[in-house]
Amino acid sequence: DIAEYVDFRGWVDTVEKNLAFLQSDCLILTSEDENFANVVAEALSNGLSCILSSKVALSSLIKKYDAGIVFESLQPEVIAKAIFQMSKKDKNLAQSAALRAASELDWDKVALNWNSHLEIIFDS
């Protein structure tokens, strides 16, 4: 009985996606494997907390900033528990955490991070 609370979306165009971000409280991504998950980065930059599988590479960023909930098992009961936990969080604090996490994905920070790794590689 969650149909009135949850939208199950497939592919959406940019306008529809941006509207969905504005109308949403959080993003839920139940992927079994994601090497980056652009939608998580986009959700965070829109101030949305994320509920996602530990199999999503950005789950470490979610954990670091407490910008949502990361679950280990893809069992419906586990995901439902994560959704329930998220519904209890303060929306303003959750939004702030999401925006702090998104700041790590700023191109200037990404470039500096790459530069430091390349220096280590070429200096050794």
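Scroll up for the structure.
As the structure is a computational prediction, the values presented were derived from the model and not from experiment.

A. Seen up close, helix α1 (residues 14-23). Those residues of α1 not exposed but buried are K17, A20 and F21. End-on view of α1: buried residues confined to an arc of 100°, all on one side of the axis. In this structure, α1 carries V15, L22 and Q23 as exposed residues pointing more than 90 degrees from its buried face. Contacts from the buried residues of α1 go to α2 (38-45). Regarding α1, its N-cap is D13, as a side-chain oxygen of that residue lies 3.2 Å from the backbone nitrogen of V15 further along.

B. View of the pairing of strand β2 (residues 49-53). Among the five residues in β2, five count as buried, and that is most of the element. One ladder, built from four bridges, connects strand β1 (residues 26-29) with β2; its direction is parallel. Each bridged residue has a counterpart across the sheet, and for I28 the counterpart in β2 is I51. Between the parallel elements β1 and β2, the chain passes through α2 in a crossover that is right-handed. Handedness of the crossover is the feature at issue here: the chain leaves β2, passes through helix α3 (residues 59-65), returns alongside strand β3 (residues 68-71), and the resulting connection is right-handed.

C. Seen up close, a nonpolar patch on the surface. Residues W114, L118, I121 and F122 make up a contiguous nonpolar surface patch of roughly 500 Å² in combined accessible area. For I121, the position within the fold is in helix α6 (residues 107-123).

D. Representation of the environment of L29. Tracing the chain through its elements places L29 in strand β1. When the C-alpha atoms of L29 and I79 are compared, they prove to be 9.8 Å apart, with 50 residues separating the residues in sequence. In this structure, L29 is in contact with E34, A37, V39, V40, I51, L52, S53, V56 and F71, ignoring residues within four places of it in sequence.

E. Quick peek at the layout of surface pockets. For the largest pocket, the calculated volume is near 1,500 Å³. Lining the largest pocket are 43 residues; nearest its centre among them are D7, S24, C26, L27 and I28. Elements supplying a minimum of two residues to the lining of the largest pocket: α1, β1, β2, α4 (76-87) and α5 (91-103). Ranked by residue count, the leading element in the lining of the largest pocket is α4, at seven residues. For the lining of the largest pocket, a count of residues per class yields 24 nonpolar, 11 polar and eight charged. In this structure, the second largest pocket occupies an estimated 280 Å³ of space.

Conventions and cut-offs
Residues numbered from 1 in each chain as written. Predicted model: local features only at pLDDT ≥ 70, side-chain atom pairs only at ≥ 80, totals over all residues. Heavy atoms only, no water. Buried < 20%, exposed > 50% of the residue type's maximum accessible area, 1.4 Å probe, protein only. Helix = DSSP H or I, 4+ residues; strand = E, 2+ residues; numbered from the N terminus. Arc of directions from axis to C-beta. Contact = heavy atoms within 4.5 Å. Polar contact = N/O pair within 3.5 Å; in protein donor to acceptor, adjacent residues only side chain to side chain. Pairing = 2+ DSSP bridges. Right-handed = clockwise from strand over helix to strand, strands pointing away. Patch = residues over 30% accessible without salt bridge, like charges linked within 9 Å, V, L, I, M, F, W, Y side chains within 5 Å. Areas by Shrake-Rupley, 256 points an atom, 1.4 Å probe, with all protein chains shown as cover. Salt bridge = Lys/Arg side-chain N within 4 Å of Asp/Glu carboxyl O. 1 Å grid on protein atoms, 1.4 Å probe; cavity = no way out; pocket = protein on both sides within 12 Å on 5 of 7 lines; lining within 4 Å. Points joined across faces, edges and corners; volume = space filled by probe spheres on them. Nonpolar A, V, L, I, M, F, W, Y, C, P; charged D, E, K, R; others polar.

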